[in-house]
Amino acid sequence: MNQIKRRRLRSLAERIIRKLGSRQFLYPSEPESGVHGFAGEGPLVVIGIDPSESKWLKYDESRMLLYDTVIRAGVGGCHLTDCFKERSFRKTPPDRRISQRGWNLEILREEIDIIQPNGLIAIGVDAEKFLYDTDFARKYSIYPVIHFGAFHYHRVDEDAWKDRFRREFAGAVRGYKRYATKGEIEGLSEFLASMPSFI
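Residues numbered from 1 in each chain as written. Predicted model: local features only at pLDDT ≥ 70, side-chain atom pairs only at ≥ 80, totals over all residues. Heavy atoms only, no water.

A.B. asks: Just checking my understanding: could you explain the packing of aromatic side chains for this structure?
C.D. replies: Any aromatic ring pair is given by two values, namely how distant the centres are and how the planes are angled relative to each other. Summed over all chains, the structure comprises 7 aromatic pairs. Geometrically, the ring pair formed by F165 and F169 is tilted, given 5.9 Å between the ring centres and 45 degrees between the ring planes. Taken together, the residues span about one helical turn, with F165 and F169 both in helix α6 (residues 158-179) at a distance of 4 residues. F169 shares its class with F165; the two are buried. (Phe/Tyr/Trp six-rings, centres within 6.5 Å; stacked < 30°, edge-to-face > 60°. Helix = DSSP H or I, 4+ residues; strand = E, 2+ residues; numbered from the N terminus. Buried < 20%, exposed > 50% of the residue type's maximum accessible area, 1.4 Å probe, protein only.)

A.B. asks: Mind showing me how you'd approach the sheet that holds strand β4 (residues 142-145) here?
C.D. replies: Spatial ordering of the open sheet is given by β2-β1-β3-β4, a layout of 4 strands whose pairing is parallel. The open sheet terminates on both sides in strands that have one partner only, identified here as β2 (79-82) and β4. Neighbour-to-neighbour, the strand axes of this sheet turn through a mean angle of 25 degrees, independent of strand direction. Relative to β4, strand β3 (residues 119-123) runs parallel, the two being bridged by 4 bridges. Along β4, the bridge assignment pairs I123 with V145. (Pairing = 2+ DSSP bridges. Axes fitted to C-alpha atoms, helices over the stretch in contact; angles between N-to-C directions.)

Here it is in structure tokens:
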């Protein structure tokens, strides 16, 4: 079963890269830390709204916060993704956003179909609203948490915001584990390493 998931995820990733080219962003894996990123096979899916314009290098502050939190919560094999795969999608012209929304929704539905998750963690209010505005909320439990990088845009204490994110994420994972069917969270650590265009 995992081999089928891996093949389908790889095929989906290739389609996204062909469609968006350098504008695409798929969460990279970190084999040394145990975070599988987009290659994670679930059964938990962590979903943001869209990628920022950041290069998301290994020592990016937001990346380190998210990945460290994922590892501490014991879900390194979760599937990390965004509702929209194009960097700063919400900054694109409205007519283009409308035309691309259907494609992105189709891709996300295919991702979810591949993973067959037991739960979805929505990162930030925009991702939460998107998931509730579609049919995902009728099929899956959604656990909302604040956005890990939102302290950049709000006048808040950075350390307090990061601590809150860690607590909310850990709480969401506990809630997910409480209601999820029994099963081991697995991932595909070598997947993104074999596809350099992801990095």
